Structures are given as structure tokens and as C-alpha cells.
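Chains, contacts and geometry: an overview
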Amino acid sequence: MNVPHHIAIVMDGNGRWATRRFLPRVAGHKQGVEALRRCVTACADRGVGVLTVFAFSSENWNRPVEEVSGLMDLMVVALGREVPKLSKDGVRLHFVGERGGLSEKIVAGLVQAEAATAHNTRLVLNVCFNYGGRWDIARAAAQLVARGEPLTEINLDRAMALAHVPDPDLFIRTGGEQRLSNFLLWQGAYSELFFTDRLWPEFDEAALDEAIAAYQQRERRFGQTSSQLAGGAGRDRQAA
Ligand code: IPE
Ligand code: IPE
Ligand code: MG
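This write-up is about the structure you can find in this document. In every chain, residue numbers begin from 1 and rise along the written sequence. Whichever chain is written first becomes A and whichever ligand is written first becomes 1, with later ones labelled in order. Local features in this predicted model are restricted to residues of pLDDT 70 or higher, and side-chain atom pairs are both shown and tallied only at a pLDDT of 80 or more, whereas totals for entire chains, interfaces and linings draw on every residue. To obtain the side-chain values, all non-hydrogen atoms of the structure were used and water was disregarded.

What about the pairing of strand S3 (residues 91–96)?
In terms of burial, S3 is largely enclosed, as five of its six residues are buried. By definition, two strands form a pair when at least two bridges between them are found by DSSP. Labels follow the DSSP assignment, with helices taken as runs of H or I lasting at least four residues and strands as runs of E lasting at least two, numbered in each case from the N terminus. Alignment of S3 against strand S4 (residues 123–131), held across six bridges, turns out to be parallel. The partner of Val 91 across the bridge, within S4, is Leu 123. When accessible area is computed with a 1.4 Å probe and restricted to protein chains, residues below 20% of their type maximum are described as buried, those above 50% as exposed, and intermediate ones as partly exposed.

And the structure:
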């Protein structure tokens, strides 16, 4: 079957998962790291080549300070604990987002994690952290302007933060909301969208398989007609 090469996920619902259990929101984020760990393994096992996850948005700085600092601390802990395991599993890490606003400690951790996993080839894991789709587009455009290059689609595409991977085939959002929240605005132009009410900490192998099965039912037309895809363009013309 046709497994999506690139899956992108808005990992939403950690806060609600925790609140329903009378736990602090950050406990939900901790559980979210476990769900990500599981999802990475499941994706690699199913032959997915690229997984891109939204971990912290440009707008998430607007949350209460305790939650923001809890998320930053969690990043440091997760880097220390997970990178050796991920590397052993053949995962190559990329961190995508504005590093300017992050602490030196975190930036050093990101750089180190990327270097430590640079030789891996089984799965590319892009972690979008302090990322926004608008940030990405504006930054790419600014780079081209600075280099005196024309603002063409191809040039912009090459200057974008995910230029090292093809566009996502399947875009999943957990947590019940049906919106993009500034994730992959450029790259998601032709992604198949899948929304589930399941909260991110509860996203397991079965949930991933459900999303992949839904994807496999879709017809990706990229602007063409159904019969063109079936090799029957002639039929379209006759009918017209
Ligand atoms: C997503 O879960 C994780 C981050 C935004 C960091 P939320 O924290 O948004 O969870 P809900 O939407 O409040 O349940
Ligand atoms: C999107 O979730 C960001 C991440 C999952 C990291 P949010 O919970 O921040 O999105 P909104 O605010 O509900 O749109
Ligand atoms: Mg949310």
C-alpha cells in the first residue's frame, strides 16, 4: 500500500489531557514526549521517511510563564534523554524554527543533537520549535532579497526551513481543533488533512494506522481531474 513518505503532525491536546486528570498542564507535555517517542518508532516501522512535528509555535510564547518555562525545561530534558535512543534507531534530527529567542543552553542542545544524528538515514525527524509558517515564508523572502535573488516560487521553496525534505503528504492534527495554527503554510499546499479528536498523549499506533488508512483512500489530484489520473484524459475531452 501507498505509505505517506512525509507525515506532519500538530501535536495538540496535551493541556486538556492533563487538566482532565487534575494534573498540571506540563504533565501533559511530558506525556506528549512519550507519545512522540512511540510515534517515531511506529513511523519508522511503517516505512515513513520523514516526520515533521509541531512542538512549540511562535505564538506559544503568549502562554503563562510557568508553562513556557516548563516547556523549555522539558526540551532540555528530552534532548538529554532521547537523542542517544533516537540515534540508535537511525533517526536524523532537524530542529526548525527561530533560534534567536531560545536560551543558549537549548540552542547548544539542538546543534549537538543535529550533529550527533547527522549520519542516520532511517527516518528524518523535523521538530518545529519556535516555528511559525509566516516566520518561515518571511525569513525565506528576506534571505532572497538580501542575496539579490528574484522572489520566485522555486527560489522561495529552496530558501524555506524544510528545503531538505519534500512537502508533507499527510497532515495530522490531534486534539479536535480543525485549523492550521500557522503550521507549514507553504509546504502544506497539497497535503491531505486528517483531524482526530484524540488528544496527543493518547495518539498510539492504532491512531497512526487510522490516519494512514484515511490517507490511502484519498485521491490526490493536484489540480487534475479524476480521469486524467486514471490515464483517461481523452474521455474528459469527449464528454466536454
Ligand atoms: C499542544 O498541546 C502542545 C503545545 C502547544 C506546546 P496544548 O498545550 O495546546 O494542549 P491543549 O490544546 O491546551 O489541550
Ligand atoms: C499549535 O497548537 C501548536 C503546537 C501544537 C505546538 P496550539 O494549541 O498552540 O494552537 P491554537 O492556539 O489552539 O490554535
Ligand atoms: Mg492546543
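Brief notes about the sheet that holds strand S2 (residues 50–57)
The six strands lie next to each other as S3-S4-S2-S1-S5-S6, forming an open sheet whose pairing is parallel. Edge strands, defined here as strands with exactly one partner in the open sheet, are S3 and strand S6 (192–195). Here the strands of the sheet are splayed against their neighbours by 20° on average, with no regard to which way each runs. Bridging between S2 and S4 involves seven bridges; their strand directions are parallel. When the sheet's bridge partners are listed, Phe 54 is paired in S4 with Cys 128. Angles shown run from 0 to 180 degrees and are taken between the N-to-C directions of axes, each axis being a line fitted to C-alpha atoms and, for helices, limited to the stretch in contact.

Some details on the site of ligand 2
Nearness is judged by heavy atoms alone; a residue qualifies as near a molecule or strand once a single heavy atom is within 4 Å of it. Taken together, the neighbourhood of ligand 2 is formed by Val 10, Met 11, Asp 12, Phe 54, Ala 55, Phe 56, Asn 60, Arg 63, Arg 173, Arg 179 and Ser 181. The definition of a polar contact used here is a pair of N or O atoms within 3.5 Å, where within protein one atom must be able to donate a hydrogen and the other to accept one, and adjacent residues in sequence count solely through side-chain atom pairs. Taking Asp 12, its side chain carries an N or O atom lying 3.2 Å from an oxygen atom of ligand 2. Computed by Shrake-Rupley with a 1.4 Å probe, the accessible areas treat only the displayed protein chains as cover when residues are assessed. Isolated, ligand 2 exposes 390 Å² of accessible area, and the fraction of that covered by the protein chains is 77%. For the shell around ligand 2, the leading source of residues is S2, giving three residues. Residues belonging to the shell around ligand 2 are distributed by class as follows: five nonpolar, two polar and four charged. Side-chain classes are defined by residue name, with Ala, Val, Leu, Ile, Met, Phe, Trp, Tyr, Cys and Pro counting as nonpolar, Asp, Glu, Lys and Arg as charged, and the others, Gly among them, as polar.

Considerations on the nonpolar core
Here, nonpolar core refers to any group of buried Ala, Val, Leu, Ile, Met, Phe, Trp, Tyr and Cys residues whose side-chain atoms link them within 4.5 Å. In this structure, Ile 7, Ile 9, Leu 51, Leu 125 and Ile 172 are the most contacted members of the largest nonpolar core, which totals 43 residues. Any two residues having at least one pair of non-hydrogen atoms within 4.5 Å are treated as being in contact. Once you skip the residues sitting within four places of it in the chain, Ile 9 turns out to touch Cys 39, Leu 51, Thr 52, Val 53, Phe 54, Ile 172, Phe 183 and Trp 200. One finds Val 96, Val 124, Tyr 131 and Phe 171 within the second-largest nonpolar core, a separate group that totals 15 residues.

Note that every value here comes from positions in space, so none of it alone points to a role or purpose.
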